[in-house]
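Report on the structure
Residues per chain are reported as follows:
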Amino acid sequence: MFLENWQLAADSVDYAARNNTTSVVQHFWSLSIQVQFFLLWPLVAVVVAMVARGVLQRFHTYLTIALLGVFVASLTFSVALTLTNQPLAYFHTLTRLWEFALGGLVALWGRRFPWTREERVTFGWVGVIGLLVCGAVLPVGAVFPGFAALWPTGCAALVLIAGVTRSRRGVDRILTLGPVQYVGGLSYALYLWHWPVLVLFMATREQGEVGPLGGVAVITVSVVLAVLTHRFVEQPVLRLRLSARNAYRFGAAGVVAVLLAAACWQYVTAQRADVGPVSDTTHPGALALVEGRPEPAPLVPAPVSVYDDWVPVEQWNCAPMAAYPSDACAQQVEAPTRRIVVVGDSHVQQLSGALIPIAQEHNWQIIAILRGACPFSTVSEVVPDEPGCLAWNTAAVDEIAAMRPDAVVTLATRDVRPGLTEHTPPGFVAQWWRLNDLGIPVLAIRDNPRFDFSVPDCVQRNGPDAALCGVDRHAVYADVPPYQQLTDVPPNVRFLDVAGVVCDGDRCPPEIGNVLVYLDDNHVSAAYSASMAPVVEAQILNALGW
């Protein structure tokens, strides 16, 4: 449906999707925008033609005005959104329309100005050199589109305006050479091939960058594949003499082939994902730390689906908070005996998975007030001074004050990494004091470790027993938690130390009791969190005095 750019735009603002593995066809997002443009632009031209009432010069003038309007509006929106939310702006259709509008303006006016040959020669060289330099100078993935995109699009416009100068000093002497034009003929196939080759190269070598030699290898393989595709797919298809009916049949056959391949892939993936739930026998998870390791069995969640193993609070009854456009999500519970608010970032969301079985047993209701990368604090802990996080934290306190729950569950520490970087920020304590003044008990949970790599990917490559997929417990957890060294902890706070539940005596492994502990590089999987319930239930009840 050519909507991939909108899916990627949605993923860019979805915290749970930010660790998704890069797709080998992710570059199709730009094709999606192109097709959307192909549908929109004729409609714009038709409307302008109707207004111009068939007068050619009037049509030219009105279409220029329309394109200028699109250019200014889209570029303004692009700059504004890039400054506030660059990942969303990168894939957004409306931040890219000005680039097409610029091309339209060049088509309408590029030959109407009396440029001299020398000026066009200059335009051509400036454009080509600018295009070559652009990729080496600009961090495209971090600053585009916005103002930065004016550089390559402006350079492309200059090359088009320069055209064929027939000057011995013109860049068109190079651009019209046979080999260069052959590469131009390969451009579409090169575009389609370069990205999957790059992604697979980095995946097989387990690297985030390719380096100079790797870059040459990626380009070489991409060119070879592009030549083969151009020779044996593109050109034969273009030479086919198809009637309208046969053209539709040809297209339908291609679509059916893709759908069949996708359906088979989906079926195989579903079979790999269906390895059964967490249980006390084959997949005890955290219970294995108490009752001993079970016999080896296929891991839960399955590696193919572990990345989606989030505690599904968005499936509860969700409604916007009173003072901030973010949801508070409540479980559906008839006449709950207790109401517990879980507040903070995605780490407390995942760790709260241990509360859900306990809540079901005791008829408690859990209410989730969550924001990714924004722990419950008086400051923005992850991104300093982020306005959205600061406003959300203020609104969360007001929401809790209005609810008057029986308890609040949040994080006690953060940044558990090798080197004993774990700490309890002053902002955490300040929020606890606010709840203390409201007479609301707090259960603060010690955070889980963070890694510099995807734990499920490491397990896939090296096996669950590989030492490099875990970490020594004493490298990330001090014997005395940081909150025990504080002197200003309010009396309403009790703590739950999960260090002994995500780690054994010596190691914090990637798998415990045939259950993957982590869904990425820093979040506990929902499956493992649920398996923690029988291990921590008594501690939670004692801490809350219930």
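Refer to the preceding data block for the structure.
The sections below set out a description of the structure shown in this document. (Residues numbered from 1 in each chain as written. Predicted model: local features only at pLDDT ≥ 70, side-chain atom pairs only at ≥ 80, totals over all residues. Heavy atoms only, no water.)

Re the overall build of the protein chain
The condition that has to hold: In this description a helix means any DSSP run of H or I spanning at least four residues, a strand means any run of E spanning at least two, and both kinds are numbered starting from the N terminus. In this scheme, a residue with accessible area under 20% of its type's maximum is buried, one over 50% is exposed, and one in between is partly exposed, where area comes from a 1.4 Å probe on protein chains only. The contact rule is simple, with two residues in contact once any of their heavy atoms fall within 4.5 Å. The protein chains shown are the only cover counted for residues, whose accessible areas, like all others here, come from Shrake-Rupley with a 1.4 Å probe. For the charge count, each Lys or Arg is scored as positive and each Asp or Glu as negative, with His and the chain ends excluded. To locate a charge, the coordinates of NZ of Lys, CZ of Arg, CG of Asp or CD of Glu are taken.
Looking only at helices and strands, the protein chain has 23 helices and eleven strands in total. In terms of overall dimensions, the protein chain has C-alpha extents of about 85 × 50 × 50 Å along its principal axes. Counting all 546 residues of the protein chain, 43% fall into the buried class. Partitioning the contacts of the protein chain with sequence separation of at least 6, the portion at a separation of at least 24 is 76%. For the protein chain, the computed accessible surface area is about 28,400 Å², with 63% contributed by carbon and sulfur atoms. Taken together, the 33 basic and 44 acidic charged side chains of the protein chain have centroids lying 21 Å from each other.

Notes on the environment of Gln331
In this fold, Gln331 is placed in the loop between strand E2 (327-330) and strand E3 (338-344). When the C-alpha positions of Gln331 and Ile445 are compared, they lie 21 Å apart, and in sequence the two are 114 residues distant. Those residues in contact with Gln331, other than ones at most four positions away along the chain, are Trp316, Ile356, Ala359, Trp364, Gln365 and Ile366.

Some words on the side chain of Asp447
Rule in force here: Any carboxyl oxygen of Asp or Glu that lies within 4 Å of a side-chain nitrogen of Lys or Arg is treated as forming a salt bridge with it.
With respect to the helices and strands, the residue Asp447 is situated in the loop between strand E6 (442-445) and helix H19 (455-462). Within the buried set, Asp447 has no salt-bridge partner at all; the shortest N-O distance to an opposite charge, 4.3 Å, is to Arg450. Excluding its chain neighbours within four sequence positions, the residues that come into contact with Asp447 are His347, Leu351, Leu411, Thr413, Arg414, Asp415, Val416, Tyr477 and Val498.

Topic: the packing of helix H2 (residues 28-52) against helix H5 (residues 97-109)
Filter applied, for reference: The angle between two axes is taken between their N-to-C directions and runs from 0 to 180 degrees, where each axis is a line fitted to C-alpha atoms and a helix contributes only its stretch in contact. Any angle between 65 and 115 degrees counts as roughly perpendicular, while under 35 counts as roughly parallel, over 145 as roughly antiparallel, and the rest as oblique. A crossing counts as left-handed when the near helix is turned anticlockwise from the far one by less than a right angle, and as right-handed when that turn is clockwise.
Two numbers describe how H2 lies on H5: the axes approach to 11 Å, and their chain directions differ by 55 degrees. Accordingly, the angle class assigned to the pair H2 and H5 is oblique. Regarding H2 and H5, the two cross each other, and that crossing is right-handed. The segment H2 lies against H5, with Ile33, Gln34, Phe37, Leu40 and Trp41 engaging Leu97, Phe100 and Ala101.

Side note on the pattern of salt bridges
Inspection of every chain in the model, using the stated rule, returns nine salt bridges. The partner of Arg96 in a salt bridge is Glu99, and the shortest N-O contact between them spans 3.2 Å. For Glu99, a relative accessible area of 22% puts it in the partly exposed group. The network of salt bridges with common partners includes Asp415, Arg417 and Asp452.

Digging into unusual backbone geometry
Backbone torsion omega between Phe144 and Pro145 reads 0 degrees, so that peptide bond is classified as cis. Secondary-structure assignment places Pro145 in the loop between helix H7 (140-143) and helix H8 (150-162). With a phi close to 60 degrees, Asp415 is a non-glycine residue in the positive phi region. By secondary structure assignment, the location of Asp415 is in the loop between strand E5 (407-411) and helix H18 (426-437).

What about the sheet that holds E2?
By way of backbone hydrogen bonds, the strands of a sheet pair with one another, either parallel or antiparallel. Convention followed: When DSSP finds at least two bridges between two strands, those strands are taken to pair.
Taken in spatial order, the seven strands of this open sheet run E1-E2-E4-E3-E5-E6-E8, and their pairing is mixed. Where the open sheet ends on each side, the last strands, each with one partner, are strand E1 (317-320) and strand E8 (493-496). The average undirected angle you get between the axes of adjacent strands in this sheet is 25 degrees. Pairing analysis gives three bridges linking E3 to E5, with the strands arranged parallel.

Regarding the nonpolar core
Applied cut-off: The nonpolar core is taken to be a set of buried Ala, Val, Leu, Ile, Met, Phe, Trp, Tyr and Cys residues, with the residues joined through side-chain atoms within 4.5 Å.
Ranked by size, the top nonpolar core spans 91 residues in total, and within it Val343, Ile369, Ile400 and Tyr528 carry the most contacts. With seven residues, helix H17 (residues 387-403) is the largest single contributor of residues to this core. When near neighbours in sequence (up to four residues on either side) are disregarded, Ile400 contacts Val341, Val343, Ile369, Phe376, Pro405, Val408, Leu435 and Ile440. Counting residues in each nonpolar core, the second largest holds 28 residues, with Val48, Phe71, Leu81 and Cys134 among its members.

A word on the state of the cysteines
Let me state the cut-off plainly: Counting rule for disulfides: a pair of cysteine sulfur atoms within 2.5 Å.
All chains considered together, the criterion is met by four disulfides. In this model Cys374 forms its disulfide with Cys389; the gap between the sulfur atoms is 1.9 Å. With the S-S dihedral at roughly 90 degrees, the linkage between Cys374 and Cys389 falls on the right-handed side. Here Cys374, found in the loop between strand E4 (364-370) and H17, pairs with Cys389, found in helix H17; they are 15 residues apart in sequence, far enough to count as distant. The class for Cys374 is buried, based on a relative accessible area of 0%. Cys389 sits in the buried class, given a relative accessible area of 0%. Between Cys458 and Cys469 runs a disulfide, and the two sulfur atoms are separated by 2.0 Å. Around the S-S axis, the bridge from Cys458 to Cys469 shows a dihedral of about -85 degrees and counts as left-handed. Of this pair, Cys458 sits in helix H19 while Cys469 sits in the loop between H19 and strand E7 (471-472), and the two are eleven residues apart along the sequence.

Brief notes about the packing of helix H16 (residues 355-362) against helix H23 (residues 533-544)
Where we set the bar: Following the grouping adopted for this structure description, the nonpolar residues are Ala, Val, Leu, Ile, Met, Phe, Trp, Tyr, Cys and Pro, the charged ones are Asp, Glu, Lys and Arg, and the polar ones are all others, Gly among them.
In contact at an axis separation of 9 Å, H16 and H23 are set at 65 degrees when each is read in the N-to-C sense. Accordingly, the angle class assigned to the pair H16 and H23 is roughly perpendicular. Handedness of the H16/H23 crossing: right-handed. Here Leu355, Pro357, Ile358, Glu361 and His362 of H16 lie close against H23, whose contacting residues are Ala533, Val536, Glu537, Ile540 and Leu541. Here the contact of H16 with H23 is built from residues that sort into seven nonpolar, one polar and two charged.

Some details on H8
Convention followed: Helices are assigned an expected span. That span is 1.5 Å times one less than the residue count.
The end-to-end C-alpha separation of H8 is 18 Å, in line with the 18 Å expected for 13 residues at 1.5 Å each. Taken together, the buried positions of H8 are Pro152, Thr153, Cys155, Ala157, Val159, Ile161 and Ala162.

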